[in-house]
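# What the coordinates show
For reference, the chains in residue letters:
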Amino acid sequence: MSLPASRQQAGQPNFSEKEFRASLAMFATGVTIVTARTPAGALLGLTANSFNSLSLDPPLVLWSLAQVAGSLPALSAGTHYAINVLAADQKALAERFASRREDRWAGVAFTDGACGAPLISGAAASFECFNRSRYQEGDHVIFVGEVERCSHRKGAAPLLFHGGKFYTEHPL
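Here we summarise the structure given alongside this text.

Cut-offs and rules
Residues numbered from 1 in each chain as written. Predicted model: local features only at pLDDT ≥ 70, side-chain atom pairs only at ≥ 80, totals over all residues. Heavy atoms only, no water. 1 Å grid on protein atoms, 1.4 Å probe; cavity = no way out; pocket = protein on both sides within 12 Å on 5 of 7 lines; lining within 4 Å. Points joined across faces, edges and corners; volume = space filled by probe spheres on them. Helix = DSSP H or I, 4+ residues; strand = E, 2+ residues; numbered from the N terminus. Nonpolar A, V, L, I, M, F, W, Y, C, P; charged D, E, K, R; others polar. Pairing = 2+ DSSP bridges. Contact = heavy atoms within 4.5 Å. Patch = residues over 30% accessible without salt bridge, like charges linked within 9 Å, V, L, I, M, F, W, Y side chains within 5 Å. Areas by Shrake-Rupley, 256 points an atom, 1.4 Å probe, with all protein chains shown as cover. Salt bridge = Lys/Arg side-chain N within 4 Å of Asp/Glu carboxyl O. Axes fitted to C-alpha atoms, helices over the stretch in contact; angles between N-to-C directions.

This brings us to the layout of surface pockets. Roughly 1,700 Å³ of volume is contained in the largest pocket. If you trace the largest pocket, you find 47 residues lining it, with Thr47, Ala48, Asn49, Ser50 and His140 closest to the centre. Put simply, the parts of the chain that give the lining of the largest pocket at least two residues each are α1 (17-24), β1 (29-30), β3 (43-48), β5 (60-66), α3 (91-98), β10 (140-152) and β11 (160-162). Per element, the largest residue contribution to the lining of the largest pocket is six residues, and it comes from β3. By residue class, the composition of the lining of the largest pocket is 24 nonpolar, 16 polar and seven charged.

Now the structure itself:
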């Protein structure tokens, strides 16, 4: 069997956007709410499942946001944000912060992190991040955060997302 000649760029996809999305949906992920404050102090928050660990030394995490997102300018310009990993009992929060609802923060319990980013009460884990770098790739911006503080709720069951649905129970 002969190997194909080395290429300098990717070939054209042989699948539709719908097929790509359906295939991506087969990867189960955790669910986060990324939070920050604007320079004027307004609260920002959005549901994201594009979170991943990147490095232990230095402690780095990454997540991505669509370039068309209304919160992109504020999140790009800000120095800090928090990533709140949701617990299974926080499904309603995930849905709320994924919506275009006017006041996502009404009635949401949180505390301010050391640099002002909101830390959602009851989260399975939280990461307070310095906004270290951003990379535009395709139709998204990849954010790399340097973790300055983190905490977790021992024994918390995670909220999962798979196949376009949230899952709160995890059968073995």
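And the narrative resumes.
Considering all chains together, one arrives at one cavity of 30 Å³ or more under this definition. For the largest cavity, the full set of lining residues is His80, Tyr81, Gly113, Cys115, Gly116, Ala117, Glu128, Cys129, Glu148 and Arg149. Within the residue set of the lining of the largest cavity, elements represented by two or more residues are β6 (80-85), β9 (125-137) and β10. Its residues placed into classes, the lining of the largest cavity shows four nonpolar, three polar and three charged.

Pairing between β6 and β9: six bridges, direction antiparallel. By the bridge assignment, Ile83 is partnered in β9 with Phe127. Pairing geometry for β9 and β10, over 12 bridges, is antiparallel. Bridge assignment links Arg134 to a residue of β10, and that residue is Phe143. Here β9 folds back onto β10 in antiparallel fashion, the turn holding two residues, of which Gly138 has a positive phi close to 55°.

Assignment of secondary structure puts Leu65 in strand β5. Separated by 78 residues in sequence, Leu65 and Phe143 have C-alpha atoms that sit 7.9 Å apart. Those residues in contact with Leu65, other than ones at most four positions away along the chain, are Leu46, Ser71, Leu72, Leu75, His140, Val141 and Phe143.

A contiguous nonpolar patch, built from Phe15, Phe20 and Leu24 and spanning about 300 Å² of accessible area, is present on the exposed surface. Take Leu24: it is sitting in helix α1.

Next up on the list: the sheet that holds β10. Taken in spatial order, the seven strands line up as β3-β2-β6-β9-β10-β5-β4 in an open sheet, and their pairing is antiparallel. Edge strands, defined here as strands with exactly one partner in the open sheet, are β3 and β4 (52-55). Each adjacent strand pair in this sheet contributes to an overall mean axis angle of 35°, direction not counted. Packed on one face of the sheet, α3 meets β2 (32-37) and β3 and runs near 110° to β3.

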